[in-house]
Amino acid sequence: MLLAQPGHIGRLKLRNRVVMAPMGTNYSTTDGLSTERDRMYYAERARGGVGMIMTEAMVVTEFARPHHNSLCVYHDRFIPGLASIVEAIKSHGALVCAQLNHRGALLRRHVLNMEPVGPSPWKNPNTGDDVRPLAVAEIVEIQKLFVAATRRLYQAGYDGVEIHAGNGYLFQQFFTPRLNHRTDPYGGSFENRARFLFETLDRVKQALPDFPLIVRLSATEFTEGGYSEADVIELSKGLEKLGVVALDLSGGSNESPQLSKYCIQPPSFPRGCLGPYAKPIKQAVTIPVLVAGRVVDPEDAEKLLADGCADFISVGRALYADPHWCAKAFGEVKAPIRKCIACNVCFERLTLEKDVACVHNPVIGTEFETLEHAEPQLFPERRTKAPKRVLVIGAGVTGLEAARAAAARGHYVEVWEKAAQPGGQMPLAMAAPDKMEVEPVLGYRLAMLRELGVRIRTSMNATVAAIRAYAPEFAIVATGVQPRAHPFDVSQLDGAVRVLHAWDVLRDPSLLAAVKRVTIIGGGMVGAEAADLLTVSGKQCTIVEILGTIAAGMARNNRMELVERLAARGTQMFTRVKVERAAGTALTLGAEDGATRDIDIGDALVFATGPAPVRDVVPMLEETGVDYELAGDCYRPGDFLSCLRDGWLAALSVDHRFRRDNKQGGKSERVA
């Protein structure tokens, strides 16, 4: 593989062509100090085989923090903790660079009361905050702060530093004519707009001439009024002349969800989507070029290299999903890769000031993320010495994950599923356009269960007799949810109006093949994706949602793109309204201010009003006396993240549960 070949970035020799992209975690302390969680998280990805790690963007001043728990490097007190991260990474053979950033106009007043600053007056579209233009003296001070921060990184043992000049942050704000309207030496011409970045880099080079320096750029802004391809090529050539050893190419800007989707792409974007924008830049310079953008499979990375788009691949979210991506790609670990599904829950959690999490890797950032816990089947010597007979009821993703983890630990596991196929709600999750990208959540677990020899019995109804015959020592109940009943009376509707649930439509869109207009009650993820599916085939949809946001449970980059698609197809979307009455072919909608309006339903009324837990097997288990645990949606309706985490941890608890019972001299009482 091209991806597996060593390569050089300046004087640095990387063991392969994979560089872990700088991605936030919110694992540090509230005052920016690194933690054991940071150290553990980075060490596992180094152990997983990446050539070099770019640690998350660190701020150069206490007045520019992006998150409550982001790493910092604006004071010497941060050096020892960063040095411990560096030591942990290097102990596994990877190199390590640090990214330095100043968000400028994208700083948020409601996060640590940071003041947005930039080249010119502006209003941050994400927050509505006014942006104060920087004075020249402040520009010079920021340049000095970058030098001081770089020196601390050098002292902490980093192999190099990356200056973030892309994705809509401060240096890009100065470079783009969209936002820079200055008339002094830092605005106007190309040379003036590039001056802030060039001067900063020159100061860093003068202070630490032999310290490798990389710059991240957005290859394009994906919006009118931004810099041109010729501009970014000229900028790249200038960076090479300054002694920058590599360019790290991303795209877009995090100033708004409409542009942020080009930085952190939703599943509708093609794999390797930034390759065509990186290629002209690579052809214009002689220094190595890194490129990011929807690299999910090793084949995606291999194609970018083979097509001459880059010399190294910046792998981001895929390493959230599987820290051992490289080792698996290169055949060093014999297990399938847990593929990123581009749900962007990771990014959404950071935006909401939560610690990063991954739906496909529910134990990210914990001691359970090590290879020994993530793929326990590879370590037979660690299997339980007292295997138990475990019954998993339900073959949705929760049950399959529980079965995978329990069987890999050495327990005897069987899965029962009343449907004809395993997967639970996965066919619904994959039904909407572009949602086949979530298939690996199911495919990975089915592949592992086949390898582990776990029997999945489909069309199997759990009964008291069947449970007694199997005689499990423990059961994990993962029976999921079912649609809630209609939230209002539909008996007065015209008989010509078809009434269905969104699940029925997602399973079989042909049920509405003959209709032209559909009203969907409930504009959460299910309702919005049902509308997406129906409008693709030319149907006119109306969505009625009681909340103020359509698809509120979806990550904002993905949500904004979905809402834009629906609007472009003429979908009517009513928010902050509830149905007061349904009669004939009309709905009466009530707004928060008491106003009402009637809308025509059309040919069909589709309900997407949420699920209710299914727990019908619980009385049977209690009658048989089998100890059990509820996991996933049947415990509390949630999402992939909560379901997979529940399944994994329920399985992991089996050993400890019986160990506890033995210590107590008998069976423990269940705790509600």
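Here, residues in each chain are numbered from 1, in the same order as that chain's written sequence. Only residues with pLDDT of at least 70 get local features here, since the model is predicted, and only at 80 or more are side-chain atom pairs given and counted; chain-wide, interface and lining totals rely on the full set of residues. Each side-chain value is derived from all of the structure's non-hydrogen atoms; neither hydrogens nor water enter the calculation.

Peer 1: Please give an account of the sheet that holds strand E21 (residues 540–544) that cites residues and values.
Peer 2: Only when DSSP finds a minimum of two bridges between them are two strands counted as paired. Where helices and strands are cited, they refer to DSSP runs of H or I of at least four residues and of E of at least two residues respectively, numbered from the N terminus. Strand order in the open sheet made by the five strands is E19-E26-E20-E21-E22, with parallel pairing throughout. This sheet does not close on itself; its edge strands, each paired only once, are strand E19 (498–501) and strand E22 (572–574). Looking at each pair of strands side by side, their axes are set apart by 20° on average, direction ignored. In this structure, E19 lies alongside strand E26 (residues 604–607), joined through four bridges in parallel fashion. Of the residues in E26, the one forming a bridge with Arg498 is Ala604. Between N-to-C directions, angles cover 0 to 180 degrees, with each direction set by a line fitted to C-alpha atoms, over the stretch in contact for helices.

Peer 1: A description of helix H20 (residues 556–568) should follow, citing residues and the corresponding values.
Peer 2: Expected helix span is given by 1.5 Å per residue-to-residue step, counting one fewer step than there are residues. In a regular helix each residue adds 1.5 Å, so 13 residues correspond to 18 Å; H20 covers 18 Å between its end C-alpha atoms and thus fits that length. Every buried residue of H20 is accounted for by Asn557, Asn558, Arg559, Glu561, Leu562, Arg565 and Leu566. When checking whether two residues touch, look at their non-hydrogen atoms; a contact exists if any pair is within 4.5 Å. Buried residues belonging to H20 abut helix H7 (257–260), helix H12 (345–351), helix H19 (525–536), E21 and E22. Where H20 ends, the next residue or the one after it, Gly570, has phi of about 85°, a positive value. Here's how the labels work: a residue is buried when its accessible area is under 20% of the maximum for its type, exposed when over 50%, partly exposed in between, all with a 1.4 Å probe on protein chains only.

Peer 1: Would you mind going over the environment of Arg559 in detail, with residue names and values included?
Peer 2: Relative to the helices and strands, Arg559 resides in helix H20. Arg559 sits in the buried class, given a relative accessible area of 15%. Residues Arg559 and Ile264, 295 residues apart in the sequence, show an inter-C-alpha distance of 13 Å. Among all residues touching Arg559, those that are not within four sequence positions of it are Glu348, Thr549, Ile550, Ala551, Ala552 and Met554.

Peer 1: Go over the environment of Thr463, please, and point to the residues and values.
Peer 2: On the secondary structure map, Thr463 appears in the loop between strand E16 (455–457) and helix H17 (464–470). The exposure class of Thr463 is partly exposed, given its relative accessible area of 35%. On a C-alpha basis, the gap between Thr463 and Glu44 in space is 44 Å, while along the polypeptide they are 419 residues apart.

Peer 1: Outline the side chain of Glu414, supporting the account with residue identities and numerical values.
Peer 2: Looking at the element boundaries, Glu414 is found in strand E15 (residues 412–416). Contacts described as polar in this section are N or O atom pairs within 3.5 Å, which, within protein, must combine one atom able to donate a hydrogen with one able to accept it, while residues neighboring in sequence count only if both atoms come from side chains. A distance of 2.8 Å separates a polar atom in the side chain of Glu414 from a polar atom in the side chain of Trp416. Among the polar contacts made by the side chain of Glu414, one reaches the side chain of Arg457 at a distance of 3.3 Å. Those residues in contact with Glu414, other than ones at most four positions away along the chain, are Val390, Leu391, Val392, Arg455, Arg457 and Tyr470.

Peer 1: Tell me about the packing of H19 against H20, residues and numbers included.
Peer 2: Contact pair H19 / H20: the axes reach a minimum separation of 10 Å and the direction vectors enclose 40°. It follows from the interaxial angle that H19 and H20 lie oblique. The element H19 and its partner H20 pack so that their crossing is left-handed. From H19, Ala528, Glu529, Ala531, Asp532 and Thr535 reach across to H20, where they touch Leu562, Arg565 and Leu566. Each residue receives one of three labels: charged for Asp, Glu, Lys and Arg, nonpolar for Ala, Val, Leu, Ile, Met, Phe, Trp, Tyr, Cys and Pro, and polar for the others, Gly being one of them. Split by residue class, the contact of H19 with H20 holds four nonpolar, one polar and three charged. In these notes the angle categories are as follows: under 35 degrees is roughly parallel, over 145 is roughly antiparallel, 65 to 115 is roughly perpendicular, and the rest is oblique. By the definition used in this description, the sense in which the near helix is turned from the far one sets the handedness, with an anticlockwise turn below a right angle giving left-handed and a clockwise turn giving right-handed.

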